[in-house]
Structures are given as structure tokens and as C-alpha cells.
Amino acid sequence: MKKEKAFVTTPIYYVNDIPHIGHAYTTIIADTMARYYRLKGYDTFFLTGTDEHGQKIEEAALSRGRTPQEYADEISGKFRALWDEFDISYDKFIRTTDAKHKAGVQKAFKNMFDSGDIYKGEYEGHYCVSCETFFTDTQLIDENLCPDCGKETRIVKEESYFFRLSNYQEKLLQWYNDDEKCVLPKGKKSEVISFVKQGLRDLSITRTSFDWGIKLPSEMNDDKHVMYVWLDALLNYITALGYGNDEKNMKYWPATLQLVGKDILRFHAIYWPAFLLSLGLPLPKHIAAHGWWTRNGEKMSKSKGNVVNPKEVADAYGLENFRYFMLREVPFGQDGDFSQKALIDRINSDLSNELGNLLNRIIGMSGKYNDFKISSTNVKKYHQKELERVMEHIKTAEINLNDMQTNRFLEELWKALTIANQSITLYEPWVKMKEGESEFALATVAVVANILARVSILLHPVMPKTTQKIAKALNFEISNDSYNNFIQNDKILNDFIIEKVPPLFPKVEAELLSTPQPSLKEEKTEDKVEDSLITIDQFFETKLKIGTILEAVEVPKSKKLLKLQVDLGEEKPRQIVAGIKEFYTPQSLLQTQICVVANLKPAKIMGLVSEGMLLAAKDENGLSLMRPEKTKISGSSVG
Ligand code: ME8
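Note on numbering: residues in each chain are counted from 1, in written sequence order. Local features are withheld for residues below a pLDDT of 70 in this predicted model, meaning they are given only at 70 or higher, and side-chain atom pairs are given and counted only at 80 or more; totals for whole chains, interfaces and linings count all residues. The basis for every side-chain value is the complete set of non-hydrogen atoms in the structure, without hydrogens or water.

Draft legend 1. The nonpolar core, seen in detail. Nonpolar cores are built from buried Ala, Val, Leu, Ile, Met, Phe, Trp, Tyr and Cys residues. Side-chain atoms within 4.5 Å join them into one set. Each residue is assigned to one of three classes by its accessible area relative to the maximum for its type, calculated with a 1.4 Å probe on protein chains only: buried under 20%, partly exposed between the two thresholds, exposed over 50%. By size, the foremost hydrophobic cluster in this structure holds 187 residues, and its most contacted members are Trp83, Phe163, Ile238, Trp253, Met326 and Leu474. There are two domains that each give this core at least three residues, and those are domain 1 (338–497) and domain 2 (536–638). Contact between two residues is taken to exist if any of their heavy atoms lie within 4.5 Å; hydrogens are not considered. Setting aside residues no more than four positions away along its own chain, Ile238 makes contact with Tyr243, Met250, Trp253, Trp272, Leu276, Leu279 and Leu281. Counting 17 residues, the second-largest nonpolar core is a separate cluster that includes Ile576, Ala578, Ile580 and Leu625. These domain limits were set by an automatic method or by a database of domain assignments.

Written out as C-alpha cells, the structure is:
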């Protein structure tokens with residue numbers, strides 16, 4: 001029989017920032033679903049990765065004096081390392097700077113162009129660099145603020161290629177109408193539909209004002225343009241499967257489940273299916289949007305220093321406990337709040353009292369009554385009713401999971417655990433043993449073990465290692481076979497000797513992380529102090545010099561950049577492009593001195609070569625350049 005296929009994706013994350021709890025949340029849900037499909041025996045492909053092009057990345061690199069590629073390499077590596085550490089079971093980690101991705105995107109552009117969906121025109125409008133999105137006048141807040149993130153937009157006027165999004169309005173509405181679960185949850189789907197009904201305008205899909213992007217296909221003979229980062233990024237979902245190259249993995253398309261945060265649902269539920277229609281490819285089965293995480297009721301932001309670092313939480317409380325908490329705490333689609341108190345409550349009550357304790361009770365009772373032997377022989381004779389009730393919850397749990405209601409899925413599994421815990425209280429096996437009804441008492445212990453086994457199998461995608469430990473104690477292995485036996489076919493456990501295991505979920509008595517956590521603003525704060533110490537020789541590898549600013553001009557179309565000519569006592573002045581426009585006027589800089597890193601590799605920023613980096617300090621009150629206390633000869637060494 002041909003295996004059913006599943007393709008699960010996360011968004012590809014921007015490399016302008018290091019991973020935080022939001023990224024971990026999306027990735028952990030996707031990982032759970034991929035593991036669930038594997039458990040059911042599906043041939044599963046799970047994709048994640050990083051989104052590395054666009055103005056935002058270019059500017060983030062620049063502000064750190066790095067080339068975009070160097071910077072992308074570093075941050076992409078951090079995402080991948082965290083997912084590896086978190087045991088995320090991805091099959092492919094795509095980077096949009098991969099050569100195969102670039103070739104696939106160019107192929108797709110050409111195909112869309114050939115099908116008449118792309119034309120050349122001129123774009124004038126408001127652009128939000130932070131969201132990498134264009135907005136119309138009517139969408140803006142207070143005339144120039146981005147409606148999504150509230151930051152200032154800038155006016156961009158340039159030649160651009162357009163995608164005929166307007167042609168797809170009716171087809172998209174048809175899709176939403178025909179396919180009930182194409183966008184989940186339902187409330188979010190209604191928002192998408194009303195947005196589309198307001199009318200779709202053609203989409204500008206290329207830019208000429210910066211370089212850091214994929215060039216148009218060479219056949220287009222138009223070197224000036226790079227692709228709009230969202231076109232480039234969305235196409236990762238098919239280039240990762242080999243679109244335009246070696247297409248053998250295209251058998252996984254269409255995607256079963258594309259997970260996104262609510263912030264980027266519009267791109268995934270409107271643009272993405274329109275691009276796919278233009279390419280003649282089938283549409284994804286589910287696009288599921290989750291809500292936003294806050295911390296102790298507040299929006300997380302670097303400036304507040306309250307961003308939750310997922311690694312710190314997992315290290316302190318246990319990775320699988322953290323996974324359980326995230327999926328259980330928040331109804332999928334709604335915003336959720338991270339607090340250590342809520343996490344500790346979940347660990348102590350759900351995990352320790354209700355799940356872990358159940359295993360301890362089975363071990364304790366079987367030890368006392370039957371030398372740790374568990375035999376299911378009489379389970380159906382005495383406890384068929386309990387098994388049936390459990391199976392009702394298990395069925396509902398799976399329906400919920402398939403609808404992405406992760407919290408309800410777990411609630412149903414816990415209802416099954418309650419039946420197990422209540423059976424012990426209700427049937428009092430210790431009394432039955434005394435009254436000579438040992439057959440009944442041992443059947444009660446065995447039904448509880450069988451319930452725990454069934455719950456562990458379905459809980460496995462959420463808590464892979466812990467559930468394998470439970471399964472080992474109950475003498476079975478979690479696999480597609482055990483899923484078929486115990487979940488699909490109502491089989492019961494073979495007779496076995498239960499293994500004595502130490503408690504799986506020790507109680508947490510107090511908060512384990514100081515609040516608020518150290519800010520992630522300075523990436524250095526992440527490193528351990530001893531890791532960040534360098535030798536004097538390492539320090540002197542950086543050549544710092546005093547420079548005198550001879551010229552300063554604004555970089556057109558850039559909100560942050562100034563172009564400086566700086567005298568470092570060399571034959572000719574150096575050109576340095578610096579992100580200081582918000583803090584200094586060009587005029588105020590002339591003939592002032594600054595401190596320059598003089599031996600950096602030149603980098604290209606918005607098409608301009610920058611031959612050094614100037615030193616500055618930044619806090620919430622703004623940015624100050626580092627200057628010598630008294631005037632020094634240009635080119636003097638600092639150190
Ligand atoms: O948008 N709560 O990348 P991104 C919950 N590169 N989830 C959060 C979150 C929070 N506070 N913050 C971020 C991009 N996320 C594009 C995607 S896909 C073709 C291109 C999660 O790094 C959530 O899944 O800004 C959100 O959609 C994603 O991170 C955005 O990541």
C-alpha cells in the first residue's frame with residue numbers, strides 16, 4: 001500500500017535577530033505535528049530554515065559592521081544550533097542564500113512571467129523596512145506609520161515588476177469557500193476573507209534601491225532589480241523540495257500543514273496561494289496561524305529586556321516540560337502569556353501529579369500485590385467501560401490535533417488520565433486485595449497501565465523522550481506499530497514486569513530564572529563571561545584609529561544611513577557608510593573626530609562600498625559617537 005505523505009513547514013526566520021520564544025513556539029508545534037504524522041506512518045517531510053535577504057537584513061548587518069552574508073551565516077547558524085539542541089526533527093533546513101534556492105526562485109519568476117502574471121511598471125508608495133511590506137495611504141496610521149508594527153514607513157518610488165495579484169481575487173475567494181479548513185483557525189480565516197473582499201492590488205515584486213537579494217533570471221536582461229524578499233522567501237516551500245532543480249521531493253507538495261504566526265498570515269493565505277496558482281501548482285491543505293506570546297502580560301521587546309530566551313527556559317525547567325506548557329497553555333490562534341508561575345503550575349499539577357504520579361502508583365500497587373507483574377488478561381472483563389470512555393477521549397484528542405487545537409488535544413488526553421486516576425480511587429484495589437478479590441484488583445492496576453500506555457503514545461509527539469521512558473517502564477516501544485495496535489485496534493498490553501523508574505517530573509518549588517531575564521539586546525549577554533574573554537593579542541587584531549570627518553552626506557532613500565569621507569592619515573580618505581542619520585545631521589559631523597575600526601573587510605551597503613566602521617555607544621536615550629577627548633592627528637592608533 002502506498003504511504004500517505006505529509007509535508008510540514010515553519011516560516012523561515014529572519015536573520016536580523018536571534019531565536020526567541022515565539023520562534024521556538026512555531027517550531028515546536030510544527031515538530032509536534034511532524035512527529036504525529038510519522039507516528040501515524042506517513043512519509044513525512046519537515047522543513048524549516050532562515051530568510052536571509054532584504055533591506056532589513058542588509059541594515060542589521062551594516063549596523064554591526066558586517067557583510068550581509070557573514071551576518072546571515074552567523075545568525076542562521078544560531079537558529080540551526082538551537083533547533084538541533086531542541087531535538088527538532090526537521091528533514092531540511094533551508095537558507096535563502098543557498099544556490100539551489102536562488103535558482104529555483106529565478107525559475108519560478110520566469111514561469112510566472114511567461115504565464116503573463118508579471119509586468120513592469122513603476123511603484124510609488126510607503127514601505128515598511130521592518131515588515132518588508134508596502135502599504136497604501138489608507139492603510140497607514142497617522143499618515144506614515146506602519147499599520148502592522150507602528151514604525152515609520154518611507155516613501156519609495158522606483159521601477160518595479162508587478163505580480164497580477166488582482167487577477168486572483170476571485171480564485172482565492174473560491175478556495176476559501178470550497179476548502180473549509182484551508183486556513184485555520186476559523187476566526188483568522190474570516191479576517192483573511194474580508195481583507196481579500198476589500199480588493200487586491202497588484203504586488204510590487206522587485207526592488208532597485210538595494211542589492212541584497214536574488215537577481216532576476218538572466219533571460220530577463222534586467223540587472224538592476226532584485227526580488228522582493230517575500231517572493232523569494234515564500235518560494236522556499238517549493239525550492240526546498242527541488243522546484244526548478246532536482247524535483248524528486250516535489251512529491252511532497254502540496255503541503256499538509258504550513259504553520260505561521262498571525263503576523264504573517266496575510267502573506268501565506270493570500271500572496272502565497274496566488275503565486276502557486278500562477279505556477280499551476282496545487283494549494284496547501286492547511287495554513288494555520290497561531291497567536292502572539294507576551295511576557296507577564298506585556299509585549300516582549302528588546303528595549304524592555306523582557307524577551308523570553310527559550311534556551312534558558314528549557315535549561316531551567318526541562319525541554320519537554322516547556323514543550324508541553326507551550327502547547328497546553330494557549331488555545332491555538334490566541335495570544336498567550338509566558339510566566340514562570342504558569343509554567344511551574346503546569347509542571348507540578350498536570351505533569352507531576354496527574355501523569356508522573358500515575359506511573360508511580362502503578363509501580364507501587366503492582367509491587368505490593370503481584371511482585372511488579374502486570375497482566376491485562378482480565379482488563380476487558382472488568383474494565384471494558386473505562387477503556388471505552390478513554391477511547392472516546394483519545395478519538396476527540398486526535399480530531400482536535402488535526403484541527404490544530406493543541407490545547408484541546410492535551411485536555412482530552414488528560415481526561416483519559418483522570419479516568420485512570422479515578423479508577424484507582426473508585427475501585428480501591430487495596431481493599432479488593434484484602435477482600436480476596438485479587439483478580440479484580442489486578443485488572444484495575446492493569447487497566448490503568450493500559451490507559452497510561454495509550455495516552456503516552458499520543459503524547460509522544462509533544463514529549464518524545466519522556467513518553468519513551470514511560471513506554472519502556474510499561475515494556476513496549478512507541479512506534480507506528482504500537483500506534484496501530486493500541487490506538488487504532490484496541491489491543492491491550494502483553495503481560496510484563498514493570499520497571500521501577502525514578503519520578504519523571506520532580507516538583508518545582510520556586511522560580512528558577514531571575515525576572516526579567518537578561519536582555520537579548522546585546523548578544524554578548526548570552527555568552528558566558530569566560531567564553532567572551534579574549535587575549536591582548538586578539539584585541540590588537542582590531543586596528544582602531546582616530547579619523548577626521550571631511551564630508552558627510554545622506555544616502556538617498558535610506559532612513560538610517562550617512563555616507564562619510566574620513567581622513568585616517570592615509571593617501572586618500574576612506575568612505576564609511578554608517579547608520580547614524582537618526583542621531584546626527586551631516587553638517588554637525590564635519591571636521592569632528594571619531595574612532596574607526598580600520599582593518600575591516602570592505603562591505604557593500606545599499607550599493608555603496610564602506611571601508612570601515614565607526615564606534616558608537618547606544619542606549620535608550622540614543623546614540624553617541626566615541627571621540628578622543630582632545631584632538632589627535634588623523635590616523636593615530638587607539639589602544
Ligand atoms: O516573518 N509570539 O520572520 P520572523 C509568537 N522571515 N510567535 C512569534 C513571536 C511572538 N512574540 N515572534 C515571532 C518572518 N514569532 C519572515 C517569514 S516565511 C516565508 C517568511 C514567530 O523571523 C511567528 O511564527 O519575523 C512569526 O510568524 C515568525 O516567528 C516570524 O518570524
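Draft legend 2. Layout of the domain arrangement of the chain. Domain parsing of the chain yields domain 1 (338–497) and domain 2 (536–638). Here the C-alpha centroids of domain 1 and domain 2 sit 65 Å apart.

Draft legend 3. Region of interest: the packing of helix α5 (residues 169–178) against helix α6 (residues 186–197). Lines fitted to C-alpha atoms define the axes, with helix axes restricted to the stretch in contact, and inter-axis angles between N-to-C directions lie between 0 and 180 degrees. Secondary structure elements are defined from DSSP: runs of H or I of at least 4 residues count as helices, runs of E of at least 2 residues count as strands, and each element is numbered from the N terminus. Packing of α5 against α6 brings their axes to within 10 Å, and their N-to-C directions diverge by 160 degrees. Taken as axis vectors, α5 and α6 run roughly antiparallel relative to one another. As α5 runs across α6, the sense of the crossing is left-handed. Where α5 abuts α6, its residues Gln169, Leu173 and Tyr176 lie against Lys189, Val192, Ile193, Val196 and Lys197. For this classification, Asp, Glu, Lys and Arg are treated as charged, while Ala, Val, Leu, Ile, Met, Phe, Trp, Tyr, Cys and Pro are nonpolar and the rest, including Gly, are polar. Class assignment for the residues of the contact of α5 with α6 results in five nonpolar, one polar and two charged. To sort the angles, those under 35 degrees are grouped as roughly parallel, those over 145 as roughly antiparallel, those from 65 to 115 as roughly perpendicular, and the leftovers as oblique. With the far helix as reference, a near helix turned anticlockwise by less than a right angle produces a left-handed crossing, and one turned clockwise produces a right-handed crossing.

Draft legend 4. Representation of the pattern of salt bridges within the structure. Only one rule defines a salt bridge in this text: a Lys or Arg side-chain nitrogen within 4 Å of an Asp or Glu carboxyl oxygen. For the structure shown, the criterion picks out 35 salt bridges. Between Asp73 and Arg95 there is a salt bridge; the shortest N-O distance is 2.7 Å. Here Arg95 lies in strand β3 (residues 92–95) and Asp73 lies in helix α3 (residues 68–85), a separation of 22 residues in the sequence. Using a relative accessible area of 37% as the deciding quantity, one classes Asp73 as partly exposed. The buried category is assigned to Arg95, whose relative accessible area is 18%. Notably, a salt bridge pairs Glu554 with Lys581, separated by 3.7 Å at the nearest N-O pair. A residue pair is termed long-range when its members are at least 10 positions apart, and Glu554 in strand β18 (residues 544–554) and Lys581 in the loop between β20 (574–578) and α20 (586–589) qualify at 27 residues. Overall, Glu554 belongs to the partly exposed group, its relative accessible area being 47%.

Draft legend 5. Spotlight on the site of the ligand. What makes a residue near a molecule or strand is one non-hydrogen atom of that residue sitting within 4 Å of it. For the ligand, the set of nearby residues contains 23 residues, the closest of which are Ile12, Tyr14, Thr26, Asp51 and Asp263. Throughout this description, a polar contact denotes any pair of N or O atoms lying within 3.5 Å of each other; where both atoms belong to protein, one of them has to be capable of donating a hydrogen while the other can accept it, and for residues adjacent in sequence the pair is counted only when both atoms sit in side chains. The separation between an oxygen atom of the ligand and a polar main-chain atom of Tyr14 is 2.9 Å. Looking at which element gives the most residues to the shell around the ligand, the answer is strand β1 (residues 5–14), with four residues. A breakdown of the residues in the shell around the ligand according to their chemical character gives twelve nonpolar, nine polar and two charged.

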